[in-house]
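Okay, here's what each chain looks like letter by letter:
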Amino acid sequence: MTLIPFKHLNAIPLEFDVIVGDVSFRGTLVHKKGKIAQLNGTISGTIQIACDLCAEVVERVLDEELSFYLSDGIISENEDELDIVEITTPMIDMEELLNSEIELIKSDYFCCPQCEGKTLEQEF
Ligand SMILES: [Zn+2]
């Protein structure tokens, strides 16, 4: 099940499990209030990622816990919650969510095991 109708979410956590390539995304979706739902999940598996220092492509093992909010459509009112992903379609596309999370992870700074020692000399 990769498409979840937003309207079907309620107070009982709905489990999801989606796999893209070598990465799996498991967790629950629960309706919070109004147009807001919360996602809690774990991304695990491996991705191919280029080292930011030597550009070598290596396998990176993922084990990331995620928790963020989803809104049913664009939210105009000021919500206090920080991480809100606006879902503009009637269905939540879990595969698309996972893909964008993977893109986020890939855009993070990453260095391969060979370069790890060198990061101490880097300035951030
Ligand atoms: Zn490297």
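So, here's what we can say about the structure. (Residues numbered from 1 in each chain as written. Predicted model: local features only at pLDDT ≥ 70, side-chain atom pairs only at ≥ 80, totals over all residues. Heavy atoms only, no water.)

Thoughts on the layout of surface pockets
Alright, step 1. Here the largest pocket is characterised by a volume of approximately 180 Å³.
Alright, step 2. Lining the largest pocket we find Leu 3, Val 85, Glu 86, Ile 87, Thr 88, Thr 89, Met 91, Ile 92, Asp 93, Glu 96, Leu 97 and Ser 100.
Alright, step 3. Only strand 6 (84-87), strand 7 (91-93) and helix 1 (94-107) provide two or more residues apiece to the lining of the largest pocket.
Alright, step 4. Residue classes in the lining of the largest pocket are distributed as six nonpolar, three polar and three charged. (1 Å grid on protein atoms, 1.4 Å probe; cavity = no way out; pocket = protein on both sides within 12 Å on 5 of 7 lines; lining within 4 Å. Points joined across faces, edges and corners; volume = space filled by probe spheres on them. Helix = DSSP H or I, 4+ residues; strand = E, 2+ residues; numbered from the N terminus. Nonpolar A, V, L, I, M, F, W, Y, C, P; charged D, E, K, R; others polar.)

Here's the deal with the pattern of salt bridges
Pairs may arise between side chains of opposite charge once their charged atoms sit close together.
Alright, step 1. The full count for this structure, using the stated rule, is three salt bridges.
Alright, step 2. Salt-bridge contacts for Asp 72 lead to Lys 7; the nearest nitrogen and oxygen are separated by 2.6 Å. You can see Asp 72 sitting in strand 5 (residues 57-72) and its partner Lys 7 sitting in the loop between strand 1 (3-5) and strand 2 (14-20), a full 65 residues away along the chain.
Alright, step 3. Taking the shortest distance from any N to any O, the salt bridge between Arg 60 and Glu 64 comes out at 3.7 Å.
Alright, step 4. With relative accessibility at 18%, the residue Arg 60 sits in the buried group. (Salt bridge = Lys/Arg side-chain N within 4 Å of Asp/Glu carboxyl O. Buried < 20%, exposed > 50% of the residue type's maximum accessible area, 1.4 Å probe, protein only.)

What to know about the nonpolar core
Alright, step 1. Ranked by size, the top nonpolar core spans 30 residues in total, and within it Phe 16, Phe 25, Leu 29, Leu 39, Leu 70, Ile 92 and Met 94 carry the most contacts.
Alright, step 2. Excluding its chain neighbours within four sequence positions, the residues that come into contact with Leu 29 are Ile 4, Leu 9, Ile 12, Pro 13, Leu 14, Phe 16, Gln 38, Leu 39, Leu 70, Ile 92 and Met 94. (Core = buried A, V, L, I, M, F, W, Y, C linked by side-chain atoms within 4.5 Å. Contact = heavy atoms within 4.5 Å.)

Some thoughts on unusual backbone geometry
Alright, step 1. Look at Ala 55: it is not a glycine, yet its phi comes out positive at around 70 degrees.
Alright, step 2. In this fold, Ala 55 is placed in the loop between strand 4 (36-50) and strand 5.

Some points on the coordination of the zinc ion
Alright, step 1. In this structure, Cys 51 (SG), Cys 54 (SG), Cys 112 (SG) and Cys 115 (SG) serve as the protein donors to the zinc ion, at separations of 2.2 to 2.3 Å.
Alright, step 2. Between the four donor atoms coordinating the zinc ion, the angles at the centre fall across 106 to 113 degrees, so the site counts as tetrahedral.
Alright, step 3. As a motif over one chain, the donors of the zinc ion read C-x2-C-x57-C-x2-C. Of this pair, Cys 54 sits in the loop between strand 4 and strand 5 while Cys 115 sits in the segment after helix 1, and the two are 61 residues apart along the sequence.
Alright, step 4. Taking the relative accessible area as the measure of exposure, Cys 54 reaches 38% and is therefore partly exposed. (Donors = N, O, S within 2.8 Å, 3.2 Å for Na, K, Ca; no water. Tetrahedral: all angles 85-135°; square planar, octahedral: opposite > 155°, others 65-115°.)

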